[in-house]
Amino acid sequence: MRATYSFLLTAALIAVAAAHTYHLGNCPIVEPMSGFQMSKFLGVWYAIQKTSTGSRCLTYNFTLGEEPGEYNLEQVSEHPVLGVASVDNKYHYTGHLKANSDVPAKMTVKFPLSVAGTSSFTVFMTDYDTYAGIYTCQKLPAANRRSATILSRTKTLDKMVIDKIRSRLSNFGVNPYDLSIIDHAKCPAETNLNFNIDKETFSPQSIAGVVRKAGEKLGDGVEYAAEGVGKVYNHIKKDGEEEDGMP
């Protein structure tokens with residue numbers, strides 16, 4: 001069980017460590033969009049390009065939080081480690097956004113596996129219906145780590161729009177050539193394995209129930225996956241029936 005938990009945690013940390021670049025000094029100044037309205041921005045977006053990532057099928061879903069000015073951000077993708085192992089999977093990673101009351105496009109975000117704390121989260125351009133550009137930066141001791149993402153309401157985005165967003169990043173002093181193209185071809189609607197990482201994942205109650213059954217057949221089709229660890233759960237189809245492993 002310990003080996004399985006270590007594998008799951010390591011795989012999750014690998015995914016988190018990617019999709020950023022590291023730099024000395026302070027975060028660059030990225031101007032938030034003026035007149036931004038989060039109510040129009042909510043919903044599902046497809047990540048078309050993102051800083052230094054090997055993920056496929058990456059989507060962002062923005063939903064209302066519990067308090068005014070608070071929101072949830074669920075990132076869903078094919079986990080790069082399990083994808084290499086040819087295991088159909090979805091990796092759900094949910095963070096918490098808090099908006100600046102005076103500048104709504106300027107927010108902070110906190111993800112469960114981020115040991116360094118919160119990051120800035122800036123929407124620097126969007127038309128709400130087609131495209132968006134977001135930028136995050138986390139201050140580290142004597143350094144920072146950065147990530148930019150180009151979003152689209154559909155799986156593809158016109159090259160002229162992409163170039164416009166990349167040009168804006170360049171104007172902010174952010175290297176647009178750090179962005180990776182994200183593949184949305186042949187993204188499975190149903191998967192054998194789902195991992196959820198959210199704020200409840202590492203609660204004491206969740207840790208107490210970690211890993212009852214482990215992923216025993218990663219190379220031969222997953223029959224069991226980790227159950228517990230909060231909402232790190234398996235959702236397995238077997239013989240046409242669904243077996244829900246949520247605790």
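What you see is a predicted model; the values in this text were computed from it and never measured.

Caption draft 1: Representation of the confidence of the model for the chain within the structure. Here the chain averages 76 in pLDDT, and 64% of its residues register 70 or above. Mean pLDDT per element in the chain: strand β12 (residues 235-238) is the minimum at 37, and helix α2 (residues 38-41) is the maximum at 98. Contacts from residues 1-17, a stretch scored under 50 in pLDDT, to residues over four places away or in other chains number 30 contacts. Note on residues 203-247: pLDDT under 50 across the span, and 92 contacts to partners over four residues away in sequence or across chains.

Caption draft 2: Seen up close, the pairing of strand β7 (residues 119-126). Among the eight residues in β7, seven count as buried, and that is most of the element. Bridge count between strand β6 (residues 106-110) and β7: four bridges; the pairing is antiparallel. Bridge pairing in β7 places Lys-106 opposite Thr-122. As defined by bridge partners, β7 adjoins strand β8 (residues 131-140) across six bridges and the pair is classed as antiparallel. Residue pairing across strands places Thr-126 opposite Ala-132, the latter belonging to β8. Hairpin geometry of β7 and β8 is characterised by an intervening segment of four residues between the two adjacent antiparallel strands and by a positive phi of about 75° at Tyr-128.

Caption draft 3: Representation of the state of the cysteines within the structure. The final tally for this structure, using the stated rule, is two disulfides. Between the sulfur of Cys-27 and that of Cys-137 lies a disulfide, 2.1 Å long from S to S. The sign of the S-S torsion, about -90°, decides the handedness of the disulfide formed by Cys-27 and Cys-137: left-handed. Here Cys-137 lies in strand β8 and Cys-27 lies in the loop between β1 (21-24) and α2, a separation of 110 residues in the sequence. Look at Cys-27 and you get partly exposed, because its relative accessible area is 27%.

Caption draft 4: Up close: the pattern of salt bridges. The full count for this structure, using the stated rule, is three salt bridges. Notably, a salt bridge pairs Asp-183 with Arg-56, separated by 3.4 Å at the nearest N-O pair. Within this pair, whereas Asp-183 is found in the loop between β10 (179-181) and β11 (193-197), its partner Arg-56 is found in strand β3 (residues 56-64), the two being separated by 127 residues in sequence. Taking the relative accessible area as the measure of exposure, Asp-183 reaches 36% and is therefore partly exposed. Residues joined in a network through salt bridges with shared partners are Arg-56, Glu-78 and Asp-183.

Parameters at a glance
Residues numbered from 1 in each chain as written. Predicted model: local features only at pLDDT ≥ 70, side-chain atom pairs only at ≥ 80, totals over all residues. Heavy atoms only, no water. pLDDT = per-residue confidence, 0-100. Helix = DSSP H or I, 4+ residues; strand = E, 2+ residues; numbered from the N terminus. Contact = heavy atoms within 4.5 Å. Buried < 20%, exposed > 50% of the residue type's maximum accessible area, 1.4 Å probe, protein only. Pairing = 2+ DSSP bridges. Disulfide = S-S within 2.5 Å. Salt bridge = Lys/Arg side-chain N within 4 Å of Asp/Glu carboxyl O.

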